[in-house]
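# Close look at the chain arrangement
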Amino acid sequence: MATTSAPAPDRSAVRTLLRLWPYVRPARARLFSAAFVAIVASSTGLVIPLVLKWMVDGPVADRDPAGVWLGALFLLLLGFAEALLFGLRRWLVARPLAHVEASMRADLYGRLQRLPVSFHDRWASGQLLSRGMTDLMLVRMFLAFPLTFLLVNGVTIVIGVFIMLLQDWTLGLVILGPAVPVMVTCVVFEKRYAEVARRAQDQVGDLTTVVEESVLGIRIIKGFGRHRSQARAFRDLSGKLRGTELRKARLLATIWGVIVTLPEMAIGAALVVGVVQVADGGLSAGTLVAFLSTALALRWPVESIGFLLAMSQEAATATERYFEVMDEEVEEPGAAGSWASLPGGGARDSASPPEDRAPVLAGTSASLPGGPARDAASLSEDRARDSASPPVDRAPGVAGTWASLPASPARDSASLRENPAHDSASLSEGPARDAASRGADAPERAASVVRPPAARAGLRFHGVTFRYPDAPADSPPVLQHIDLHIRPGESMALVGSTGSGKTTLTALVPRLYDVTSGRITLDGVDITGLSRQALRAKVAVAFEEPTLFSAAVGDNVLMGADGTAGAAELERALAVAQADFVHALPQGTDTQVGEQGLSLSGGQRQRLALARAVVGQPEFLVLDDPLSALDVHTEAAVEAALRDVLADTTALIVAHRPSTVLLADRVALLSGGRIAAVGTHHELLRTNAEYAHLMSGEEEGAR
């Protein structure tokens, strides 16, 4: 992964900084007031030379002590007023600019949450951290100081030069002599400094990435004794950053030398010319004192141009880096509205006429690309594949099996029309299998299970092809023409060799990535027609690498449910995941886990991740090898508890071990990015050599 982002298109610093206006606009009144106060304060300082001129030509020349004391009092009051006004300016900008920085940081964080996973695949976390912290600090400093004082100092210089020209135009022209060289130097400086400032801020992001990776991977570094190599990498990046910062310092020293030296030489020349004029009687001593005092008062506004331009350029670079992230395309939100409000979803299906549901039901000609011909082919393929599979072998008495639900006849008749070979066998076995499970607890069991809508169609992949967004256009897709149907209430194991695309396929269901072609439907509804919020409320995911946050154990688990989940749902999920160890922690479910949950073992983290996936009782469950870090006994206990959960859920489970595969009703073999075979575990062992080879290593190892 590249740690440094590609350079942004060339844009002037002014145009870049103007993009901050939407954030600055709410604080514009106080910022304009602060600028006005600063101009008044700076102009007050220019009155001091005029008071000095009056004192020299008046009380001092007339030897009037009272007049001198009066002039001193005026000077004291002017100095006090100037200091008070500058303090007022700082007070005016402090609070609103802190709010601007906080708003920009909040917007950046919100944007990062809405950007697709492919964006985070490309960008290093250190680059994002540096944009959210260092860059926004530079923006706030620019708004607080350079933005105001570039305006204030510009106005001060104009007023000061005007006053000097009024006092003596010849001396004024001498002072203006260095203006052209100074402006040329500033233009050249800005271009060179912009390049170096961008390089420095990108290198800060790279260095942040190294520090973050070293902290998160401290166990690996210590375990392999790689602290010296990591320290060497850190020193190398630090050395590059140091060199870049020194380059910035040299550029700043150069412009500072030019900006300071030329005006000082002009003041010296004006002093010589002025003294000659005073000696010749063409200029009063008071006028010369006032002129030189005004010129000296302008030293700070002129000399500050260098570092004000430097800070402005750094802020422009920071703004450019900030909007590089903000300009990225976010995930498309999908259709607005709830699941039940969509055609084919919820109660509407049972009430709507067939023609209203047809456009979105899986398997209809209107809903499939390619029209009736494709639909017929797809249905024929599904029927052939499904008829080859034996009936779903549910254990007798398992709560939530579809045949045991009161609504099962309606469902079975619908299934029979779609899959006669399979469902006729299922229907013939249903009464006998469920008779033993019907007893005194039947009403309670039926009430505890969510009945499927009449038009439920499960999870279906229709000709799905996928290539990663940043992959070359001529590269082969990771997944090709995936056609797979997981029936309502069925669990499907997904098996394949390493790199076959199993994890990629599971990431398509919650739309972490969007398919390149084809489509995926949940109960007949295209997932692209759902808002992401509605989709992810229906689908729960447990990833292969469990991630926990720096929060309480309970908060980590309840993240998988909406705000209505409470202690009862939490305890149920922990029981399913066999995460009883939580109660032995110092504060139980209120115990804070460390960053990434590294204070827990790998198996404990995986069980909490599984609990997070099932706590919301999702209708669709995607599990990416959820038991890989568990010992044999814990795995068996989790599997036993998962069977009850899977009875009520349509599930896709990535599996590598036969024990996990046996949780599923059917198995899909993924090979070379394609579905190579679908059947039960025992069928594929007999009929598919590749599947038998994948499972044989596990079985031989177990023996």
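The structure contained in this document is the topic of the report that follows.

Each value, and the rule that gives it
By convention here, each chain's residues receive numbers from 1 onward along its written sequence. With pLDDT at 70 or above as the cut-off, local features in this predicted model cover only qualifying residues; side-chain atom pairs require 80 or more to be listed or tallied, and sums for whole chains, interfaces and linings still use all residues. Just so you know, side-chain values use all the structure's heavy atoms and leave hydrogens and water out. Think of it this way: any DSSP run of H or I at least four residues long counts as a helix, any run of E at least two long counts as a strand, and we number them from the N terminus. Remark: exposure states derive from per-residue accessible area (1.4 Å probe, protein chains only) relative to the maximum for the residue type, with buried under 20%, exposed over 50%, and partly exposed in between. By definition, residues are in contact when any of their heavy atoms lie within 4.5 Å. Accessibility throughout is a Shrake-Rupley quantity obtained with a 1.4 Å probe, and a residue counts as covered only by protein chains that appear here. Each Phe, Tyr or Trp ring, with Trp reduced to its six-membered ring, pairs with another whose centre is within 6.5 Å; inter-plane angles below 30 degrees give stacked pairs, above 60 give edge-to-face pairs, and intermediate values give tilted ones. Here, any two strands with at least 2 DSSP bridges between them count as paired. Throughout, an axis means a line fitted to C-alpha atoms (over the contacting stretch in the case of helices), and angles, computed between N-to-C directions, take values from 0 to 180 degrees. Within this scheme a cavity is a closed region of a 1 Å grid, computed over the protein atoms alone, that accommodates a 1.4 Å probe without allowing it to escape, whereas a pocket is open but has protein on both sides within 12 Å along at least five of seven lines; lining residues each have an atom within 4 Å of a point. Grid points are joined across faces, edges and corners, and a volume is the space filled by probe spheres set on the points. Throughout this entry, Asp, Glu, Lys and Arg are counted as charged residues, while Ala, Val, Leu, Ile, Met, Phe, Trp, Tyr, Cys and Pro are counted as nonpolar. The remaining residues, Gly among them, count as polar.

Scanning the protein for helices and strands turns up 29 helices and ten strands. Out of the 703 residues belonging to the protein, those deemed buried represent 47%. Taking all contacts inside the protein whose residues are at least 6 apart in sequence as the whole, residues at least 24 apart take part in 78%. If you sum the accessible surface of the protein, you get close to 33,300 Å²; carbon and sulfur atoms cover 62% of it.

By the definition in use, this model includes twelve aromatic pairs. With a centroid separation of 5.8 Å and an interplanar angle of 35°, the aromatic rings of W300 and F307 are classed as tilted. For the pair Y468 and Y513, a centre-to-centre distance of 5.2 Å together with 90° between the ring planes defines the contact as edge-to-face. Highlighted residues: Y468 in the loop between β1 (459–466) and β2 (479–486) and Y513 in the loop between α21 (502–508) and β4 (517–522), separated in sequence by 45 residues.

Strand order across the open sheet formed by six strands is β6-β7-β8-β3-β9-β10, with mixed pairing between neighbours. Both edges of this open sheet fall to β6 (539–542) and β10 (674–679), since each of them pairs with a single strand only. Recorded for the sheet is a direction-independent mean angle of 20° between the axes of neighbouring strands. Bridge count for strand β9 (residues 666–671) against β10 is five bridges, and the pairing is antiparallel. The residue of β10 that forms the bridge with S671 is R674.

Turning our attention to empty space enclosed by the protein. This model, assessed by the stated rule, comprises one cavity of 30 Å³ or more. Roughly 50 Å³ of internal volume is contained in the largest cavity. If you trace the largest cavity, you find it lined by L508, R511, Y513, D514, V515, G518, R519, I520, D526, I527 and T528. In terms of residues, the lining of the largest cavity owes the most to one element, β4, which gives three residues. Residue composition of the lining of the largest cavity, grouped by class: five nonpolar, two polar and four charged.

The topology assignment puts R122 in helix α5 (residues 117–122). Among the residues examined, R122 registers a relative accessible area of 32% and is labelled partly exposed. With 348 residues separating them in the primary sequence, R122 and D470 have C-alpha atoms 8.2 Å apart.

With that settled, the discussion passes to unusual backbone geometry. At H481, a position not held by glycine, the phi torsion is positive, near 50°. Its place among the elements puts H481 in strand β2. Phi at Q617 takes a positive value of approximately 50°, unusual for a residue other than glycine. Here Q617 is to be found in the loop between α25 (602–614) and β7 (620–624). Given the relative accessible area of 47%, Q617 is considered partly exposed.

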